[in-house]
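Okay, here's what each chain looks like letter by letter:
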Amino acid sequence: MRARALINLEALRYNLRRVGEYAPRSRIIPVIKANAYGHGMHEVACALNKTDTFAVATLDEAMLLRQAGNTKKIVVLQGVNDKNELLQASQENISLVLHHEHQVALMESVDLQKAMDIWIKVDTGMHRLGFEPKVTRSIYQRCRQSRNELVIRMMSHFANADDTSDELTARQLQSFLEACHGIDTEKSIANSAGICGHEAAHLDWVRPGIMLYGVNPFSKGTASELSLQPVMTLSSTLLSVQQRQRGDTIGYGGSWVCPDDMLVGVVSIGYGDGYPRHARSGTPVLINGTKVPLVGRVSMDMICVDLSHCPVATVGDEAILWGEGLPIEEVARYADTIAYELLCKLTNRVKFVYY
Ligand SMILES: *Cc1c(COP(=O)(O)O)cnc(C)c1O
């Protein structure tokens with residue numbers, strides 16, 4: 001077998017329990033958008049059967065869950081855009097975020113047959129979606145007076161919670177609480193970084209995404225520092241081991257030149273599988289428990305590695321690209337990206353194995 005992603009569902013459930021330890025007084029909405037950060041939305045939703053609510057980004061994602069027979073509460077974080085979508089959400093008992101006046105007006109123009117759970121989103125500094133704090137009360141009042149029976153909650157989202165030294169996070173929390181002052185509803189603001197780094201932000205509901213998958217949500221550090229367990233281990237097979245001479249160039253463009261006579265291996269994974277093309281020479285790959293550096297450019301189906309320090313490596317050995325024994329956070333730094341992107345970008349050429 002070549003490129004495969006082993007998904008450890010026990011680690012996933014363990015990480016959910018870690019969320020509960022961080023925020024013991026809050027209820028938990030696991031965020032399983034983008035195919036559960038690339039791990040498989042259905043498998044993840046089934047494994048997290050102890051929770052009663054999930055969040056996804058779009059109505060399409062929520063409908064996929066319903067079509068697979070999932071009957072839990074689902075919150076659509078982007079809400080809906082038109083009447084048909086609103087009716088469909090209502091019919092399927094899907095909860096919606098309202099972040100724009102357009103969505104409030106839509107709610108006022110349609111007769112729903114039953115009560116709907118909604119979350120009013122306040123923009124406290126992310127400046128992406130949401131109502132300005134100063135109009136929050138009037139939006140809340142409009143929803144209260146809506147012709148439809150709405151169960152209203154309030155939410156906001158942190159912009160920089162991954163940087164624990166950034167004071168914006170505390171200001172956003174304060175702005176959110178002020179905007180909600182006198183509004184007697186449940187509240188939510190914390191993503192993973194807010195859960196791990198800002199106890200005051202836990203409020204009634206927390207919304208963990210990346211930490212569930214065993215990734216450190218902060219811009220520095222790795223999962224083990226927060227006692228999180230990586231859920232995905234991406235691995236493939238060593239296809240070739242060959243002796244190269246000093247001065248030989250490796251791969252496309254010949255950008256990497258052997259500084260010595262040396263052993264170079266080829267692993268069957270590339271950007272066609274979702275391995276980042278921008279991973280620099282030096283990016284660690286784990287072979288037989290030894291970290292060896294990637295050398296040369298990542299190609300579509302293969303990468304090359306320097307086996308000087310792993311002379312026992314033989315064709316057919318397993319190479320771990322990230323996960324158990326090799327933090328994805330470290331790989332992300334070498335590729336100038338974040339673990340979120342690496343996880344989301346695996347292609348369907350990678351075989352997923354759940355255990
Ligand atoms: C994606 C998302 C989350 C989860 O964020 P993580 O950083 O992965 O924990 C929470 N809330 C909202 C609104 C989101 O879009």
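Heads up: the structure comes first, above all this text.
Residues numbered from 1 in each chain as written. Predicted model: local features only at pLDDT ≥ 70, side-chain atom pairs only at ≥ 80, totals over all residues. Heavy atoms only, no water.

Novice: Before we go on, may I ask you to explain the site of the ligand in this structure?
Specialist: Contacts to the ligand come from 13 residues, most closely from K33, Y37, S192, I210 and Y340. Between S192 and the ligand, the recorded distance is 2.5 Å, taken from a side-chain N or O atom to an oxygen atom. With the chains in place, 92% of the 390 Å² that the ligand exposes on its own is no longer accessible. More than half of the atoms of the ligand fall within 2 Å of the grid points belonging to the largest pocket. Here the residues of the shell around the ligand are counted per class, giving seven nonpolar, four polar and two charged. (Near = heavy atom within 4 Å. Polar contact = N/O pair within 3.5 Å; in protein donor to acceptor, adjacent residues only side chain to side chain. Areas by Shrake-Rupley, 256 points an atom, 1.4 Å probe, with all protein chains shown as cover. 1 Å grid on protein atoms, 1.4 Å probe; cavity = no way out; pocket = protein on both sides within 12 Å on 5 of 7 lines; lining within 4 Å. Sits in = over half its atoms within 2 Å of the grid points. Nonpolar A, V, L, I, M, F, W, Y, C, P; charged D, E, K, R; others polar.)

Novice: Help me understand the pattern of salt bridges in this model?
Specialist: Oppositely charged side chains can pair when the atoms bearing their charge come close. All chains considered together, the criterion is met by 17 salt bridges. For the salt bridge of K73 with D117, the shortest nitrogen-to-oxygen distance reads 2.8 Å. Highlighted residues: K73 in strand β4 (residues 73–76) and D117 in strand β6 (residues 116–121), separated in sequence by 44 residues. A relative accessible area of 14% means that D117 is categorised as buried. Note that E101 is salt-bridged to R142, the shortest N-O span being 2.8 Å. Taken together, the residues E101 in helix α6 (residues 101–109) and R142 in helix α7 (residues 136–144) connect sequence positions 41 residues apart. Given a relative accessible area of 26%, R142 falls into the partly exposed group. Because the salt bridges share partners, they merge into one network encompassing R2, D273, D301 and R349. (Salt bridge = Lys/Arg side-chain N within 4 Å of Asp/Glu carboxyl O. Helix = DSSP H or I, 4+ residues; strand = E, 2+ residues; numbered from the N terminus. Buried < 20%, exposed > 50% of the residue type's maximum accessible area, 1.4 Å probe, protein only.)

Novice: What is the right way to read the pairing of β6 from this model?
Specialist: On any regular strand, side chains alternate: one points to one face of the sheet, the next to the other face. With six of six residues buried, β6 is to be regarded as a mostly interior element. As paired elements, strand β5 (residues 94–98) and β6 share three bridges and run parallel to each other. Considered in β6, the bridge of L98 is made with I120. For the handedness criterion, the β-α-β arrangement of β5, α6 and β6 is classed as right-handed. A crossover links β6 with its parallel partner strand β7 (residues 150–155), the connecting element being α7, and its sense is right-handed. (Pairing = 2+ DSSP bridges. Right-handed = clockwise from strand over helix to strand, strands pointing away.)

Novice: Would you take a moment to explain the layout of surface pockets for this structure?
Specialist: It is a probe the size of a water molecule, rolled over the atoms, that shows where empty space is left. Approximately 860 Å³ is the volume found for the largest pocket. When residues of the lining of the largest pocket are traced back to their parent elements, those giving at least two are α2 (33–38), α9 (192–197), α10 (328–334) and α11 (339–344). Across the lining of the largest pocket, the residue classes break down as 21 nonpolar, nine polar and seven charged. Domain assignment of the residues forming the lining of the largest pocket places at least three in each of domain 1 (9–213) and domain 2 (232–354). Roughly 200 Å³ of internal volume is contained in the second largest pocket. Lining the second largest pocket we find 20 residues, and of these G214, A223, P230, G323 and P327 sit closest to its centre. By residue class, the composition of the lining of the second largest pocket is twelve nonpolar, six polar and two charged. (Points joined across faces, edges and corners; volume = space filled by probe spheres on them. Domains from an automatic or database assignment.)

Novice: Teacher, can you tell me more about the environment of G214 here?
Specialist: Relative to the elements of secondary structure, G214 occurs in the loop between β9 (205–206) and β10 (232–244). Taking relative accessible area as the criterion, G214 reaches 4% and is therefore assigned buried. In sequence terms G214 and M232 are 18 residues apart; their C-alpha atoms lie 8.2 Å from each other. Leave out the neighbours within four places in its chain, and G214 touches N15, A223, L228, Q229, P230, V231 and E329. (Contact = heavy atoms within 4.5 Å.)

Novice: Even after reading the chapter, I still don't get empty space enclosed by the protein, so can you show me in this structure?
Specialist: Under the defined criterion, the tally for this structure stands at two cavities of 30 Å³ or more. Reported here for the largest cavity is a volume of approximately 60 Å³. Along the walls of the largest cavity sit T53, K73, V75, S95, D117, W119, R153 and W205, which together make up its complete lining. The class makeup of the residues in the lining of the largest cavity is three nonpolar, two polar and three charged. Along its surface, the second largest cavity is lined by K121, V122, D123, T124, M126, R128, L129, S156 and H157. Counted by class, the lining of the second largest cavity contains three nonpolar, three polar and three charged residues.

Novice: For this particular structure, what's the right way to read α6?
Specialist: Because the α-helix completes a turn every 3.6 residues, residues three or four places apart line up on one side. Turning to α6, its buried residues number three or more, namely Q103, V104, L106 and M107. Within α6, the buried residues cover an arc of 155 degrees as seen down the axis, which keeps them to one side. In this fold, the buried residues of α6 make contact with α5 (83–91), β5, β6, α7 and β7. (Arc of directions from axis to C-beta.)

Novice: Help me out: how do you make sense of unusual backbone geometry in this one?
Specialist: Non-glycine residue A34 carries a positive phi angle of around 50 degrees. Assignment of secondary structure puts A34 in helix α2. On the basis of relative accessible area, A34 is assigned to the partly exposed category, the value being 34%. In this model, N93 sits at a positive phi of 55 degrees, which is unusual for a non-glycine residue.

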